[in-house]
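What follows is the residue order along each chain.
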Amino acid sequence: MSGLPPYATTGQRAWYYSFRVICGLIFFFLIAPIIVIIPLSFNAQDFFTFTPEMLAFDPAGYSTKHYEDFFTNSDWQLALKNSLKIAPVATLLSVSLGTLAAIGLSQSHVPFRRAIMAILISPMIVPLIISATGMYFFYSNPYIPTPFGKIELPFTLTGTYLGVVLAHAALGIPFVIITVTATLVGFDNSLTRAAANMGAGPVTTFFRVQMPLILPGVVSGGLFAFITSFDEVVVVLFVGSAGQKTLPWQMFTGLREQISPTILAVATILIAVSIVLLFVVELLRRRSERLRGMSPS
Amino acid sequence: MSEPVIAADGRPLKASLNRALRRQKMRALALIAPLLIFILVSFVMPIADMLFRSVENEIVSETLPRTVAALDAWDAGSGETPDEDVFNALYTDMALAVEYKSHTRLGSRLNYETTGIASLFRKSGRRVGKFDTDVYTKAFQDADPRYADPQQWVAWMADDSIRAKLPMTTSAYDDWAKMIVEAENDVPSEEEPWDFVYSALYNDAVSGAELPVSVDVSGITPVSLRTAFGDIDDKWLNPNVWRTIKTYSPRYTDGYFLNSVDLMKGAEGVEARPENEQIYITLFIRTMIMSLSIMGMCVLLGYPIAWLLANLKDRTANLLMILVLLPFWTSLLVRTSAWKVLLQQQGVINDILVWIGIVADDNRLELINNQTGTIIAMTHILLPFMILPLYSVMKTIPPSYLRAAKSLGATNWTAFWRVYFPQSVPGIGAGCILVFILAIGYYITPELVGGTKGVFISNRIAYHISSSLNWGLAAALGTILLTIVMVLYWVYDKIVGIDNVKLGG
């Protein structure tokens with residue numbers, strides 16, 4: 001598809017250009033819905049479509065009142081605060097446990113490697129509604145199964161901050177495992193041996209030699225885990241209570257019950273966040289490839 | 001024979017190596033262990049709990065233990081109401097259940113199987129304490145004042161020989177004492193036993209047991225509990241209600257699974273549910289068909305894009321890739337709200353169509369709250385999951401193959417269809433399974449844009465958890481869905497391998 005040869009027939013030319021048009025339309029389908037809500041969020045009216053003033057580019061048709069609403073409304077502020085309280089802690093939990101496990105998994109002789117991998121990846125595969133159902137049942141009445149029957153634990157995790165964090169950490173772990181193991185595939189183990197040879201203990205080796213090299217993978221896994229928690233609504237709907245209402249939850253109820261244009265303002269802010277995340281992940285990926293390219297294989 | 005090679009520490013080298021290997025394995029496992037335990041507790045156990053709940057049915061035998069035991073002798077196929085013994089057992093069970101307030105929960109549980117039982121249990125719960133069984137209490141207490149003495153009861157019930165002679169009384173008294181402590185926060189030795197204990201005592205006496213203080217029971221006019229329950233509601237005299245209780249009395253049941261495929265346990269084994277209650281098969285089929293259409297749409301739209309990206313110069317391809325990755329990274333709720341806004345009757349798409357003149361203003365298209373809405377929005381949401389695996393497969397197909405085919409005389413179409421397409425099939429397979437797995441379990445988007453006709457099985461699961469509170473059925477539906485996904489996942493693992501799951505292209 002690299003350019004049209006000069007000898008192309010009219011039919012080939014027609015196909016070449018119509019194919020490009022089709023692709024353009026599909027790209028439009030992918031991106032337009034996201035782009036369209038950005039101007040709509042500046043609507044001065046409480047409508048969800050372009051008003052005549054907006055189409056005429058009349059400044060009176062635009063306003064930032066939906067943004068003001070977002071930053072002053074206590075419901076939205078509480079939701080934002082909850083999201084910012086839950087996602088980082090869940091991310092920290094999944095990144096720290098996930099990185100350790102990924103390092104363990106990438107060693108050469110791991111018994112039951114496939115089975116362990118399958119279990120660790122499963123939160124990504126199991127539909128969210130099923131995870132949410134199971135967590136709702138189990139977290140509301142946790143128990144330790146023994147051959148002699150259940151030992152019921154005297155506390156409940158549903159409706160608590162801890163419960164939501166645990167659930168979100170579990171959902172984020174597959175992403176950390178996948179990205180970190182992918183980074184470790186190219187890791188040269190003679191580096192750790194060299195470090196050990198020069199008298200570094202396992203902890204020093206990990207933090208001074210291994211960690212800097214796999215850091216891009218760890219960070220991008222962390223970003224995936226963060227966005228999973230930050231964007232997650234099904235599990236928090238089931239496991240959380242009104243006190244753990246997150247931003248997506250508030251958007252969900254907003255869309256279902258009283259649809260207000262403030263949602264569009266929130267959506268625009270989240271789009272900006274995702275653009276930033278996209279670029280960070282892309283930069284990290286390139287950096288990781290460069291780092292791995294540097295180490296002799 | 002050569003001597004075994006010795007390592008520096010004097011042990012045979014082989015043993016030394018084995019030990020080192022074992023230590024390495026242990027270290028790897030020690031690194032994995034914290035996460036594995038974490039996932040087992042926070043994720044695997046909840047799933048196992050859900051699977052267990054789909055067959056668990058302890059509520060009937062826990063709430064009505066005596067009734068369930070007494071029903072053993074009753075033939076469900078006889079078409080007759082059970083005899084007085086069963087009603088006696090029911091009386092004791094109900095009187096206890098009312099104090100624990102568990103009779104309403106049991107009522108709503110059995111109501112899933114036979115409608116009307118919930119109100120029957122509520123109604124009976126209110127009236128079960130007002131039965132005429134106080135004649136027994138009076139008769140015993142009048143015959144001998146020791147029967148009214150709580151301390152004396154405690155002493156009797158501590159005596160094993162008396163316990164053995166009065167089985168019904170013992171069991172009624174024990175549960176009563178337990179209830180007094182747990183539900184009433186009182187001490188049994190200070191409380192006079194309730195009517196149902198005396199009623200059990202009377203039944204023991206009538207069946208010939210020797211009483212601790214002999215009382216002539218022949219003078220007491222028996223109270224027919226069967227009539228008493230029948231007076232509350234004649235449903236108690238309906239064998240169908242009893243059949244339901246008996247059918248669902250075992251500790252484990254396949255009833256929820258039968259329910260999730262529109263079957264039920266009838267008088268003669270498994271039978272179809274009434275026409276107006278058959279919804280799950282339709283819902284499963286609809287979920288399948290809609291997931292398949294979304295998958296088809298994704299292939300249709302994703303294939304040209306992946307082809308274009310794989311065959312453009314790297315610079316341009318990377319730029320265009322942003323258009324694919326941006327939706328991928330954008331919050332699901334943002335994309336769903338975008339579609340909700342766009343597809344409304346007064347929304348942007350309808351406005352544009354009206355403005356162009358394709359659609360009349362008074363005849364705007366219904367694009368949302370139906371299947372169309374769900375399919376459009378979900379195709380958009382899942383399209384990146386199709387494009388990314390397709391792209392990574394197409395990237396590995398050398399463009400020289402197409403040129404070779406053309407130079408051998410193939411037309412553009414033949415070259416594509418016979419040479420390029422077969423090589424891209426693994427990518428299509430991977431993308432299709434991925435999209436299908438994701439689509440079949442979707443909840444948020446169908447809930448918001450699907451209305452009533454465009455919802456999936458997952459929405460029904462959520463409904464049973466939060467609204468109808470039929471958790472067992474929700475668990476059974478979830479188990480079926482999980483099985484389907486696991487089978488597809490296994491296929492995906494065979495084709496692509498879980499180790500090859502890539503994120504973000």
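Residues numbered from 1 in each chain as written. Chains lettered and ligands numbered in written order. Predicted model: local features only at pLDDT ≥ 70, side-chain atom pairs only at ≥ 80, totals over all residues. Heavy atoms only, no water.

Next up on the list: the overall build of chain B. When helices and strands are tallied, chain B shows 24 helices and two strands. What you see for chain B is a C-alpha radius of gyration of 35 Å, clearly larger than the 23 Å of a compact globule of 505 residues, by over 25%. C-alpha atoms of chain B, sized along the principal axes, occupy 110 × 95 × 40 Å. Looking at chain B residue by residue over its 505 residues, the buried ones come to 50%. By sequence separation, contacts in chain B at least 24 residues apart represent 69% of the contacts at least 6 residues apart. As displayed, chain B offers around 23,500 Å² of accessible surface, 58% of which is attributable to carbon and sulfur atoms. For chain B, the distance from the average position of its 43 positive side-chain charges to the average position of its 51 negative side-chain charges is 19 Å. (Helix = DSSP H or I, 4+ residues; strand = E, 2+ residues; numbered from the N terminus. Rg over C-alpha atoms; globule rule 2.2 N^0.38 Å. Buried < 20%, exposed > 50% of the residue type's maximum accessible area, 1.4 Å probe, protein only. Contact = heavy atoms within 4.5 Å. Areas by Shrake-Rupley, 256 points an atom, 1.4 Å probe, with all protein chains shown as cover. Lys, Arg positive; Asp, Glu negative; His and termini not counted. Charge placed at Lys NZ, Arg CZ, Asp CG, Glu CD.)

Counting its regular elements, chain A contains twelve helices and two strands. Reading chain A from its N terminus to its C terminus gives the helix and strand order α-α-α-α-α-α-β-β-α-α-α-α-α-α. Compactness check: chain A gives a C-alpha radius of gyration of 25 Å against a globular reference of 19 Å for 297 residues, more than 25% above the reference. Structurally, chain A occupies a C-alpha span of about 70 × 70 × 35 Å along its principal axes. The burial tally for chain A puts 51% of its 297 residues in the buried class. A fraction of 65% describes how many contacts in chain A between residues 6 or more apart in sequence connect residues 24 or more apart.

Residue and element names in this part refer to chain B. According to the stated counting rule, one finds 16 salt bridges over all chains in the structure shown. Between Asp93 and Arg66 there is a salt bridge; the shortest N-O distance is 2.8 Å. Of this pair, Asp93 sits in helix 4 (residues 84–100) while Arg66 sits in helix 3 (residues 65–71), and the two are 27 residues apart along the sequence. Taken together, the shared-partner salt bridges in this structure form one network comprising Arg66, Asp93 and Asp175. (Salt bridge = Lys/Arg side-chain N within 4 Å of Asp/Glu carboxyl O.)

As a measure of interface size, the accessible area lost when the parts come together is often cited. Counting from both sides, the interface comprises 91 residues of chain B and, opposite them, 93 residues of chain A. Between chain B and chain A, the buried area comes to about 8,300 Å², and carbon and sulfur atoms account for 81% of it. Scanning the region where chain B abuts chain A turns up eight residue pairs in polar contact (both at pLDDT 80 or more). Considering every element that reaches the side of chain B that touches chain A, the biggest residue donor is helix 1 (residues 13–53) of chain B, with 24 residues. Split into classes, the residues belonging to the side of chain B that touches chain A amount to 63 nonpolar, 18 polar and ten charged. (Buried area = accessible area lost by both parts, 1.4 Å probe. Polar contact = N/O pair within 3.5 Å; in protein donor to acceptor, adjacent residues only side chain to side chain. Nonpolar A, V, L, I, M, F, W, Y, C, P; charged D, E, K, R; others polar.)

It is worth spelling out the pairing of strand 1 (residues 263–266) of chain B at this point. Residues and elements named next belong to chain B. Of the two faces of strand 1, only one is covered, namely that formed by Met264 and Gly266; the face formed by Leu263 and Lys265 stays uncovered. Strand direction decides the pairing type here: strand 1 and strand 2 (residues 269–272), joined by four bridges, are antiparallel. Across the sheet, Leu263 pairs through a bridge with Ala272, a residue of strand 2. Once strand 1 ends, the chain turns through two residues before running back antiparallel as strand 2. (Pairing = 2+ DSSP bridges.)

Turning to the packing of helix 7 (residues 161–185) of chain A against helix 1 of chain B, a few remarks are in order. One way to put it is that helix 7 of chain A packs onto helix 1 of chain B with a least axis distance of 9 Å and a crossing angle of 135°. With respect to helix 1 of chain B, the axis of helix 7 of chain A lies oblique. Regarding helix 7 of chain A and helix 1 of chain B, the two cross each other, and that crossing is left-handed. Seen from helix 7 of chain A, the contacting residues are A:Leu166, A:Ala169, A:Ala170, A:Ile173 and A:Ile177; seen from helix 1 of chain B, they are B:Leu35, B:Phe38, B:Ile39, B:Ser42 and B:Phe43. In the contact of helix 7 of chain A with helix 1 of chain B, the residues fall into nine nonpolar, one polar and no charged. (Axes fitted to C-alpha atoms, helices over the stretch in contact; angles between N-to-C directions. Parallel < 35°, antiparallel > 145°, perpendicular 65-115°, else oblique. Left-handed = near helix turned anticlockwise from the far one by under 90°.)

What follows is about the environment of B:Cys298. Residues and elements named next belong to chain B. Within the secondary structure, Cys298 is located in helix 15 (residues 280–311). Its relative accessible area of 0% is what places Cys298 among the buried residues. The spacing of Cys298 and Val435 is 137 residues in sequence and 8.0 Å in space, taken between C-alpha atoms. In this structure Cys298 touches Tyr303, Thr379, Leu382, Leu383, Met386 and Val435, once residues within four positions along its chain are discounted.

Turning our eyes to something else, we now look at the environment of A:Pro212. Residues and elements named next belong to chain A. Locating Pro212 in the fold gives a position in helix 9 (residues 202–231). Distance in space between the C-alpha atoms of Pro212 and Leu291 is 9.6 Å, their sequence separation being 79 residues. Discounting residues that sit within four places of it in the chain, Pro212 has contacts with Phe206, Phe207 and Leu291.

What follows concerns helix 16 (residues 314–329) of chain B. All names here are of chain B. The terminal C-alpha atoms of helix 16 lie 21 Å apart, and with 16 residues this matches the ideal 22 Å at 1.5 Å per residue to within 8%. Of all the bends in helix 16, the greatest, near 30°, is centred on Leu323, and the proline Pro327 appears no more than four residues after it. Turning to helix 16, its buried residues are Ala317, Met321, Val324, Leu325, Leu326, Pro327, Phe328 and Trp329. (Expected span 1.5 Å × (residues − 1). Bend = angle between axes of the 7 residues up to and from the residue.)

Residues and elements named next belong to chain B. Domain annotation of chain B identifies domain 1 (1–53), domain 2 (63–130 + 226–253), domain 3 (134–222) and domain 4 (280–500). Contact with domain 1, which involves four residues of that partner, is made by six residues of domain 4. Contact with domain 4 buries surface across domain 1, with Met50, Leu51 and Arg53 losing the most and accounting together for 90% of the total. Across the domain 1-domain 4 interface, the total number found is zero salt bridges. (Domains from an automatic or database assignment.)

With that out of the way, let us pick up the pairing of strand 2 (residues 149–152) of chain A. Put simply, side chains in a regular strand alternate between the two faces of the sheet. Residues and elements named next belong to chain A. When strand 1 (residues 143–146) meets strand 2, the two strands line up antiparallel, connected through four bridges. Opposite Thr146, over in strand 2, you have Gly149 as the bridge partner. From the end of strand 1 to the start of strand 2, which pair antiparallel, there are two residues.

The subject of this paragraph is the packing of helix 15 of chain B against helix 19 (residues 371–394) of chain B. Residues and elements named next belong to chain B. Where helix 15 meets helix 19, the closest approach of the two axes is 6 Å, and the angle between their N-to-C directions is 45°. The orientation of helix 15 with respect to helix 19, classified from their angle, is oblique. Both helix 15 and helix 19 take part in a crossing whose hand is right-handed.

This part is about a nonpolar patch on the surface. All names here are of chain B. Residues Val261, Ile281, Ile285 and Ile289 make up a contiguous nonpolar surface patch of about 320 Å² in total accessible area. On the secondary structure map, Ile285 appears in helix 15. Relative accessible area serves as the criterion here: at 47%, Ile285 is assigned to the partly exposed category. (Patch = residues over 30% accessible without salt bridge, like charges linked within 9 Å, V, L, I, M, F, W, Y side chains within 5 Å.)

Okay, the packing of aromatic side chains next. For any pair of aromatic rings, the description consists of the separation of the ring centres together with the inter-plane angle of the planes. Here the structure, examined in full by the defined rule, presents 44 aromatic pairs over all chains. Ring centres of A:Phe206 and A:Phe207 lie 4.9 Å apart, and the angle between their planes is 80°; this geometry places the pair in the edge-to-face category. According to the relative accessible area criterion, A:Phe207 is exposed, its value standing at 53%. Seen from their ring centres, B:Trp307 and B:Phe416 are 6.0 Å apart, and the 80° between their planes marks the pair as edge-to-face. (Phe/Tyr/Trp six-rings, centres within 6.5 Å; stacked < 30°, edge-to-face > 60°.)

Residues and elements named next belong to chain B. In this model, Asn185 sits at a positive phi of 60°, which is unusual for a non-glycine residue. By secondary structure assignment, the location of Asn185 is in the loop between helix 10 (167–182) and helix 11 (195–206). When its relative accessible area of 66% is taken as the criterion, Asn185 is described as exposed. Even without being glycine, Leu469 reaches a positive phi, approximately 60°.

Another aspect to go through is the nonpolar core. In summary, soluble globular proteins display a tendency toward joint burial of nonpolar side chains. Core analysis: the biggest nonpolar cluster contains 166 residues, and A:Ile129, A:Ile177, A:Met251, B:Leu35, B:Trp329, B:Leu382 and B:Ile444 have the highest contact counts within it. When residues of this core are sorted by domain, at least three fall in each of domain 1 (1–53) and domain 4 (280–500) of chain B. Once residues lying within four places of it in the same chain are set aside, the contact partners of A:Met251 are A:Trp76, A:Ile263, A:Val266, A:Ala267, A:Leu270, B:Leu333, B:Val334 and B:Ser337. Core analysis: the second largest hydrophobic core is formed by 57 residues, B:Val128, B:Ile162, B:Met179 and B:Leu201 among them. (Core = buried A, V, L, I, M, F, W, Y, C linked by side-chain atoms within 4.5 Å.)

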